[in-house]
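Single-letter residue listing:
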Amino acid sequence: MNDTFSYKPLNDSSGIILHGSRVVAEIRDLSLCNIRFHPGGRIVFGETVPVPLYWRQYIGNQYPDRRANVYREVVCVHAGVNSIRLQCSGENQSRTVHSIYDLVITCRKDAYVYDVEAVLKVNPGMSWYVQYNPDHGELEFCNLWPQGSFTTDRLAGKLYNTCFVQRGESIIRIPHHHLESPDKRNIMMTEGDRFGWLLEEENPALKMVSGHTVFAGVCAYMWDTHFGYRVTSGEEGRSLSPGETFRARFVLYSIDGIAGKSLLETARTPDMKELETIPIITMPVNRFDTCLRDFDEPWFDYWPWSVEKHDGADKCTYSLDRTRGFDDNYSLRIDHRDHGTSRWVATALGPAFGGSPFPENARYHLAAHVMTRRLEGQVSIALRFHHPGKGSVYDMNDYETYRSRETVSADVDWTTLEVFTPPITPAPDRVHLVLQLAGKGSAWFDNVEFHARVDA
């Protein structure tokens, strides 16, 4: 193939990368999207979650001062038969930091390889505060989400069912499930290590070329993966100093199905206790008698209950109790040694998680059986609703909450708590089931039942 690479700019920070007349990829506002790894091949990284060509903080990157793409420019440095080189530069809103990405795309044996060298420098006389992140590096230089690896359209079908990390001869498999398990957090990588998705005919992979230690993390919702440097210590943030510089170099390419199968056959899957200690959401009644261990892979259609801690609930434990229940031996349990507030919550309901849309003008009903021991405080249940266009789905302050009419404030055997709502309009895009202990002691929840009814 003797076609020449070229770059067709659309504005200062956007353009189309061509190989002959074929589109290789696009840059939109300093993000790389519609990426192909073979001439005429399918798009592997699309427009929904493009690959950023700028540094950013993971925490709060929606704010313009925490991402270096507010002031931005793309320059074509070289375009030839075998390769093209683009320089992507940007700064955050306060011009505290300067980001440069050197992107080289090479055609090798009818395959495109993307070589990226990223440099971040704190501008003279400036500092940049970086917020602590417990799950992976705070200073993010890459985020990857292969198109189709998560979908809410059951007819479309999901691509890939696992990720892998390769360090020398060691290959670790990270199955695609929605549990917040340790295999997804603080994945250490250094020079020569690889991370990728399996198993299709084309399987994207990232290889670290620079020798600095990277801490990556996989999102349990849609399995995108964040790559970044940890620059804080403990749980404290850190202000980067004037002139402080960070460098990362990585290569993006694809692995064919044969090579991917070989990787998968030799990969080891760590045993995670969460497979049998975190219950799965079951509708309309949650009896808490099923975990992922009860099902065969693939596991991506199952969604877990999760936990929330608030108001001094550090000395608390959450557990799936297999010794007692309302009408069997299973229930959810919260134990507080000191006063605090914590919750079991079911958040993965509705269209954002592959379920049916919530009906318009529906009345919602939540019921749960509750038992308490040594209680000093209150136990309650609640429904939380987020309405489209009303703030962020990640901020619980933007939700409308309906609490149970009654609460439990003393030791009781199994009793029923219920929530009834008036007709809800407009229909919510998120609904959360909340089981709460506020105070001290122990509480059990069982047979949690949820319904939405539209009046005839």
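Per chain, residue numbering runs from 1 following the sequence as it is written. Per-residue local features of the predicted model are confined to residues with pLDDT of at least 70, and side-chain atom pairs are confined, for both listing and counting, to 80 or more; whole-chain, interface and lining totals are unaffected and use all residues. With hydrogens and water stripped out, all remaining heavy atoms of the structure feed into the side-chain values.

Participant: How should I be thinking about the sheet that holds strand β14 (residues 139-144) in this particular structure?
Facilitator: In a beta sheet, neighbouring strands are held together by backbone hydrogen bonds and run either parallel or antiparallel to one another. Strand order in the open sheet made by the 5 strands is β8-β14-β21-β20-β17, with antiparallel pairing throughout. Of all strands in the sheet, those bounded by a partner on one side alone are β8 (56-57) and β17 (187-189). Note: strand β20 (residues 214-218) against strand β21 (residues 225-229), 4 bridges, orientation antiparallel. Within β21, the position partnered with V218 by the bridge is T225. Paired strands are those between which DSSP finds at least two bridges. Think of it this way: any DSSP run of H or I at least four residues long counts as a helix, any run of E at least two long counts as a strand, and we number them from the N terminus.

Participant: How should I be thinking about the side chain of T106 in this particular structure?
Facilitator: Counting through the fold element by element, T106 comes out in strand β11 (residues 97-107). The contact partners of T106, leaving out residues within four places of it in the chain, are F5, N82, S83, A111, Y112 and V113. By definition, residues are in contact when any of their heavy atoms lie within 4.5 Å.

Participant: Would you mind showing me how to read the state of the cysteines here?
Facilitator: In protein chemistry, a disulfide is the covalent bond that joins the sulfur atoms of two cysteines. Criterion for a disulfide: a pair of cysteine sulfur atoms at a distance within 2.5 Å. As enumerated under the stated definition, the model contains 0 disulfides in all. No disulfide involves C76; its nearest neighbouring cysteine sulfur is the one of C88, lying 10 Å away. With a relative accessible area of 32%, C76 lands in the partly exposed category. With no disulfide partner, C163 has as its closest neighbouring cysteine sulfur the one in C219, 11 Å distant. Each residue's exposure class comes from its accessible area (1.4 Å probe, protein chains only) as a fraction of the maximum for that residue type: buried when under 20%, exposed when over 50%, partly exposed otherwise.

Participant: Is there a simple way to think about the pairing of strand β3 (residues 22-28) in this case?
Facilitator: Residues in a regular strand point their side chains to alternate faces of the sheet. Here strand β2 (residues 14-19) pairs with β3 via 5 bridges, running antiparallel. Its bridge partner being in β3, H19 is matched across the sheet by R22. Turn length for the β2-β3 hairpin, with the two strands adjacent in sequence and antiparallel, is 2 residues, and the turn residue G20 shows positive phi of about 70°. With 3 bridges connecting them, β3 and strand β4 (residues 31-33) associate as antiparallel partners. Within β4, the residue paired with I27 across the bridge is L32. Here β3 folds back onto β4, and the loop between the two strands holds 2 residues, one of which, D29, carries a positive phi near 50°.

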